[in-house]
Each structure stands twice: as C-alpha cells, then as structure tokens.
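These are the residues of each chain, in order.
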Amino acid sequence: MNAEISTAWDKVQSMINGFIALLPNIVLGLIVFILFFFIAGRIKALVKRLTRNRRYAGNLGLVLGRLAKGVIILIGLFIALSIVIPSFKVSDLVQLLGISGVAIGFAFRDILQNFLAGILILLTEPFQIDDQIVFKGFEGTVENIETRATTIRTYDGRRIVIPNSELFTNSVTVNTAFDNRRLEYDVGIGYGDDIDLAKQLMLDAMLSVDEVLKDPAPDVLAMELAGSTVNIRVRWWVNPPRRADNLISRDKVITAIKKKLVANGIDLPFPTQQILFHDQTEETDGDRSRQREGWPSGKGEVPKPRSISSSLRLLAQKQDDGNSKVDSAKVNNEI
C-alpha cells in the first residue's frame, strides 16, 4: 500500500516538475499569442480605415478585416504552440487541417461557393449597396452584401435574399450604374395627322418637363405603321436614374404629351376593326368573281338587287336539284 502511494506521489511530483519546467514556455507562448491577437486587431482596424475612403466599401473592409484578423491569430497560435511544446510540428497540423479541409469542402460545398462568390463580389464591386438592380424576376435596392448572400429590398416593401453564387454566375442589370438613364414610350397618332407636326409637339411637351434633361436632349422617332395608328417613340433622359424619379418623369411626360396633342387637334385613335357582311340581296351573291363582300361599289358597276320572287325561284330550283340528286343516288344503289 505504501509502495502504491509512493509511486503515485512520484508521478504527481513529476507532473508538477514538468509543469514548472514548462511554465516559462507557457508564459512566453501566452505573451506571444496575446501580442499576435493585439496585432490582428490593429490590422483589422487598419483595413477598415483604408477601405472607408471608398464609397460603399464598408462591408468589404469588414470582411477583409475579419479575414486578416483570423489569419494572424492562427499564425500566432501556431507559434505559441511551438514555444510551449517544442516537439509540436506545424507541418503535421497543417497536413491534418488539409485532410479535414477536403472533407469539409465536400460537405459544405454550396456554403463555401457562396462565400467565395461573396468575396469576389465585394472585391470587383459589379454593384454596390444602395444600387437598384434587376436579377431574374426580382428588382429592388441592394440593402446588404454579405459573404453568403445579398439582400435586396423590393419597391413594394419586401426583402429578397439571393445566394451570392447565383449573382456571380448570372446576368444582373444595374439600373443605377450610371448617372443618367434613358426612358421611352410609344404614342399612337391617327393616319390622317401630320407626322412632323405631331413629332414637334411631342418634343416641345418633353422639354417643358423639369425632370427631362436638356443634355442629352430628348428625341422623337416614327417607329411603326400599326393597324389603326402611326406609332411614334419618344425618348428622354433623367438624372438620377432611380425608380421613383423614373416614375415621376414618365407621369409628367405622358401627361404633357397628351395635353399638347389634344390641344392642337392631333388624334389619339382607339384600335378599330371593320366588319364586312355579305350582301345576300344582290344578284351577284354566290359569284366569287363579282361578289362585293360588303365593300362599297364606288364608280364600278352596282349589282342589281334580287327580287323576292327570283330569290324564291332560285331557292326552289336549288331544292329541286338537291332532290333530283338524292333520287338518282337511290336508283344507282338499287341497280
């Protein structure tokens, strides 16, 4: 019993002596780790301060600062472990992390893909926070660009979360990429109206709207001879190119054009259709070479109207012809 107690006490003393021997290394390793932790925090603040000068780059600075801080802390941890445990080899840990990283990569492939796409979006900046974009069936204002997804606020007050991998690999329309934006609208006038006069009136109406830019100047183009109208396209530029400003300018331009055209006698016709009826009272009915299909005769020959008696006679003749054909068919069948 005394031998067992003595052996246990020796082990405890050995552990205490080993801890005391490692204590300077532990203190030194802890100091080194704290030093690297402090340096990582300073570098994170420096990265954020450097990116703060760029417009809408605060999110990018935050992500890059976190990445820099994490890398520096990891390096400090490796150095501290090497000081505390001299037999510790960083290469073994790196190899282990590499094997684990492959497994983690397969397990979290979509998450890592979105993360890398988010980093590339933040670095290349195809769009920025507060830009108005169109992606597939979604349109709205960019609220936030994170490493996993981008959130946009639609114009009707909804939030859409889009994975960054889809934004990075598909086409995105940025409506606010430039200072100016051109809008257009088609106006239909009557075929009997003067096109040149109508175009000038439309141009004057657009120039009277304050939201329409004078440079670049608006223009008017005849685009189509449609079924019931001559379609003229009006085009104008606005600044800023945001959704609310576009709607305001469109409302004012269309209102001004309508008032201007109506005040100067320009027709804004409705879609019309012409329906022609067979005139079955004329003697030419049934004759495809002379039948008028309801059109006015003009200066040509006017077919005479068919009298009631002749119509009845023609009807009876057709019935007799039909009966004779039926009788002949019966005779042929009996034969």
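In case you missed it, the structure is sitting above this.
Throughout what follows, the structure given in this document is the object of discussion. (Residues numbered from 1 in each chain as written. Predicted model: local features only at pLDDT ≥ 70, side-chain atom pairs only at ≥ 80, totals over all residues. Heavy atoms only, no water.)

1. With respect to the overall build of the chain
In terms of regular secondary structure, the chain is built from eight helices and eight strands. For the chain, the computed accessible surface area is about 22,800 Å², with 59% contributed by carbon and sulfur atoms. (Helix = DSSP H or I, 4+ residues; strand = E, 2+ residues; numbered from the N terminus. Areas by Shrake-Rupley, 256 points an atom, 1.4 Å probe, with all protein chains shown as cover.)

2. Notes on the nonpolar core
Note that soluble globular proteins tend to have their nonpolar side chains buried in a common cluster. Within the largest apolar cluster, 21 residues are counted, with the highest numbers of intra-cluster contacts made by Met202, Trp236, Ile257 and Leu261. Elements supplying a minimum of two residues to this core: strand E6 (181–189), helix H6 (195–207), strand E8 (230–238) and helix H7 (243–263). For Ile257, the contacting residues outside a window of four places in its chain are Val187, Met202, Ala205, Met206 and Val234. Ranked by size, the runner-up nonpolar core spans eleven residues in total, among them Phe135, Ile145, Ile152 and Ile160. (Core = buried A, V, L, I, M, F, W, Y, C linked by side-chain atoms within 4.5 Å. Buried < 20%, exposed > 50% of the residue type's maximum accessible area, 1.4 Å probe, protein only. Contact = heavy atoms within 4.5 Å.)

3. Structural notes on the environment of Asn114
Following the sequence through the fold, Asn114 ends up in helix H4 (residues 109–124). Taking C-alpha positions, Asn114 is 7.0 Å from Ala149, a pair spaced 35 residues apart along the chain. Leaving out residues up to four positions away in the same chain, Asn114 has contacts with Thr147, Arg148, Pro163, Asn164 and Ser165. A polar contact of 2.6 Å, which involves the side chain of Asn114, links it to the side chain of Ser165. (Polar contact = N/O pair within 3.5 Å; in protein donor to acceptor, adjacent residues only side chain to side chain.)

4. A closer look at the sheet that holds strand E3 (residues 149–154)
Taken in spatial order, the five strands line up as E4-E3-E2-E1-E5 in an open sheet, and their pairing is antiparallel. The open sheet terminates on both sides in strands that have one partner only, identified here as strand E4 (159–163) and strand E5 (173–174). Of the strand pairs in this sheet, E3 and E4 are connected by five bridges, and their pairing is antiparallel. Following the sheet pairing, Thr150 is matched in E4 by Ile162. (Pairing = 2+ DSSP bridges.)

5. A short note on H7
Here H7 contains 21 residues, and its C-alpha end-to-end distance of 30 Å stays within 8% of the 30 Å for a straight helix at 1.5 Å per residue. Among the residues of H7, those classed as buried are Asn246, Ser249, Val253, Ala256, Ile257 and Leu261. Viewed along the axis of H7, the buried residues span an arc of 120°, placing them on a single side of the element. Opposite the buried face of H7, by more than 90 degrees, sit the exposed residues Asp251, Lys259 and Ala263. Each element contacted by the buried residues of H7 is listed here: E6, H6 and E8. Just beyond H7, the residue with positive phi is Gly265, at close to 80°. (Expected span 1.5 Å × (residues − 1). Arc of directions from axis to C-beta.)

6. Quick look at the sheet that holds E6
An order of E6-E8-E7 is seen for the three strands of this open sheet, with the pairing classed as antiparallel. Both outer strands of the open sheet, E6 and strand E7 (219–225), are each paired with one neighbouring strand and no more. In this sheet, adjacent strand axes meet at a mean angle of 25° when their direction is disregarded. Both E6 and E8 contribute to a ladder of nine bridges, which runs antiparallel. For Gly188, the partnering residue across the bridge sits in E8 and is Asn231. Running over the sheet, H6 touches E6, E7 and E8 and is turned about 25° from E8. Lying on the sheet, H7 is in contact with E6 and E8; it crosses E6 at an angle near 30°. (Axes fitted to C-alpha atoms, helices over the stretch in contact; angles between N-to-C directions.)

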